[in-house]
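The chain contents come next:
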Amino acid sequence: MNLDQLKADRGKREPRPLPIPDGELCERYEQVFTAAVNDVLREHGLLHQVLPSGIMPIKDDMKVCGIAFTVKGSPNLTLESEMEQRAKMLEEIGDGSVVVWDTSGDEESAQWGEVMTMASIRRGCKGAVVDGGVRDTNKVLELEFPVFCKYRTSNGMLGRFRMIDWQIPVMIGNVFIYPGDVVFGDIDGVIVVPRDIACDVLLKAEHIKENEEGIKQMVLDGLTPTEVVKKGGYF
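Just so it is clear, the model here is predicted, and its values are computed rather than measured.

K.L.:
Explain the side chain of Gln49 to me, and be specific about the residues and the numbers.
P.N.:
With respect to the element layout, Gln49 can be found in the loop between α3 (34-43) and β1 (56-57). The exposure class assigned to Gln49 is buried, which follows from its relative accessible area of 11%. Reaching out from Gln49, the side chain makes a polar contact with the backbone oxygen of Val192 at a distance of 2.9 Å. Each residue touching Gln49, except ones within four places of it in the same chain, is listed here: Leu41, Val175, Val190, Ile191, Val192 and Pro194.

See the structure below:
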């Protein structure tokens, strides 16, 4: 049995430099919308890049794009060195990142809260995507920090859940997320763009946004749906 390719696919990857700075790339993504990005990824044959539909912003107008900083954890009762481990993870969060939590399907604990938000902001973090819970929701909202999650709960992690590792490949739903991938969330949920194609996807999504302005104008001008399609439009 030869597992070399599988090991390579699931191993840690050093994020490759992109043609434009990560910050500029993410700022431009935030000017488009996830549906346009999704349509481009479909052209690449990537049909499973959207995180489960239950992961939504804690406030509808939240929008964020950043570079994936991945965290893996699971339900766990042990307490030894848990806080020290959590602190070390927070100190490694990079500027311009979005923290992405793979919780192994946890449905009980809050992996994100007010103090973690404050510490992450100081590291230049732009947001958090949690396949789990958030607490201190009102305080997080006051900090205007974008958080996407499955649920809200007062349950903290300690004694219920702990991290396994961070900056490793993770999987949420059917989506693999690697450190360095582009994570983009808006009112329609969260989508993950593989780093290697992030610039190409952005350019095509920007074109879609521009093109749709023309399509909407055709509708406003009174063209029938059939006429719009004949002119190259779509619905």
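This is not the end of the story, as more comes after the structure.
K.L.:
Please provide a residue-by-residue account of helix α4 (residues 82-91), values included.
P.N.:
In an α-helix, one full turn covers 3.6 residues, which means residues spaced three or four apart are oriented alike. Buried within α4 we find Glu82, Gln85, Arg86, Met89 and Leu90. Angular distribution of buried residues about the axis of α4 spans 135°; they occupy a single face of the element. More than 90 degrees from the buried face of α4, the exposed residues found are Glu84 and Glu91. Elements that come into contact with the buried residues of α4 comprise β2 (64-75), β3 (97-102), α5 (114-122) and β7 (161-166).

K.L.:
Report on the pairing of strand β11 (residues 189-193), specifying residues and quantitative values.
P.N.:
The element β11 is extensively covered by neighbouring structure, given that five of its five residues are classed as buried. Along β11, one buried face is formed by Gly189, Ile191 and Val193 and the opposite face, lined by Val190 and Val192, is buried too. Judged from the five bridges that link them, strand β10 (residues 182-186) and β11 form a sheet pairing that is antiparallel. Along β11, the bridge assignment pairs Gly185 with Val190. Taking the residues that link successive antiparallel strands as the turn, the β10-β11 hairpin has two residues.

K.L.:
Mind laying out the environment of Asp102, listing which residues take part and the relevant values?
P.N.:
When you line up the elements, Asp102 lands in strand β3. A residue is classified by how much of its surface remains accessible, and Asp102, at 5% relative accessible area, is buried. In sequence terms Asp102 and Gly73 are 29 residues apart; their C-alpha atoms lie 6.3 Å from each other. Residues in contact with Asp102, not counting those within four places in the same chain, are Val71, Lys72, Gly73, Val170, Met171 and Ile172.

K.L.:
Give me the lowdown on the UniProt feature "binding site: Mg(2+)" (unreviewed entry) in the protein, citing residues and values where you can.
P.N.:
Listed under "binding site: Mg(2+)" (unreviewed entry) in the UniProt record, and renumbered for this structure, are Asp136. Among the secondary structure elements, Asp136 is positioned in the loop between β5 (127-134) and α6 (137-142). When near neighbours in sequence (up to four residues on either side) are disregarded, Asp136 contacts Gly113 and Glu114. Among the polar contacts made by the side chain of Asp136, one reaches the main-chain amide nitrogen of Glu114 at a distance of 3.0 Å.

K.L.:
Which residues make up the pattern of salt bridges, and what values go with them?
P.N.:
Here the structure, examined in full by the defined rule, presents 12 salt bridges. Of the charged contacts, one joins Arg28 and Glu206 as a salt bridge, the two residues approaching to 2.8 Å between their closest N and O atoms. On the criterion of sequence distance, the pair formed by Arg28 in helix α2 (residues 22-29) and Glu206 in helix α7 (residues 198-220) is long-range, its members being 178 residues apart. Relative accessible area serves as the criterion here: at 24%, Arg28 is assigned to the partly exposed category. Measuring nitrogen to oxygen at the nearest pair gives 3.4 Å for the salt bridge that ties Arg42 to Asp39. A residue pair is termed a helical-turn pair when its members lie 3 or 4 positions apart in one helix, as Arg42 and Asp39 do in helix α3 at three residues. Several salt bridges share partner residues, and in doing so they unite Glu24, Arg28 and Glu206 into one network.

Conventions and cut-offs
Residue positions are given per chain, counted from 1 along the sequence in the order it is written. Residue-level local features of this predicted model are given only where pLDDT is at least 70; pairs of side-chain atoms are given and counted only at 80 or more, and the full residue set underlies all totals for whole chains, interfaces and linings. Each side-chain value is derived from all of the structure's non-hydrogen atoms; neither hydrogens nor water enter the calculation. Labels follow the DSSP assignment, with helices taken as runs of H or I lasting at least four residues and strands as runs of E lasting at least two, numbered in each case from the N terminus. Only protein chains enter the area calculation, which uses a 1.4 Å probe; residues under 20% of their type maximum are buried, those over 50% are exposed, and those in between are partly exposed. The term polar contact refers here to a pair of N or O atoms within 3.5 Å; inside protein, the definition further demands a hydrogen-donor-capable atom paired with an acceptor-capable atom, and it admits residues adjacent in sequence only when both atoms are side-chain atoms. Note on contacts: a residue pair is in contact if any heavy atoms of the two residues lie within 4.5 Å. Along the arc lie the directions from the helix axis toward the C-beta atoms. Two strands are said to pair when DSSP picks up at least two bridges between them. UniProt positions are given in the numbering used here, feature names are shortened, and annotations may be inferred rather than shown by experiment. By salt bridge we mean one thing: a side-chain nitrogen of Lys or Arg within 4 Å of a carboxyl oxygen of Asp or Glu.

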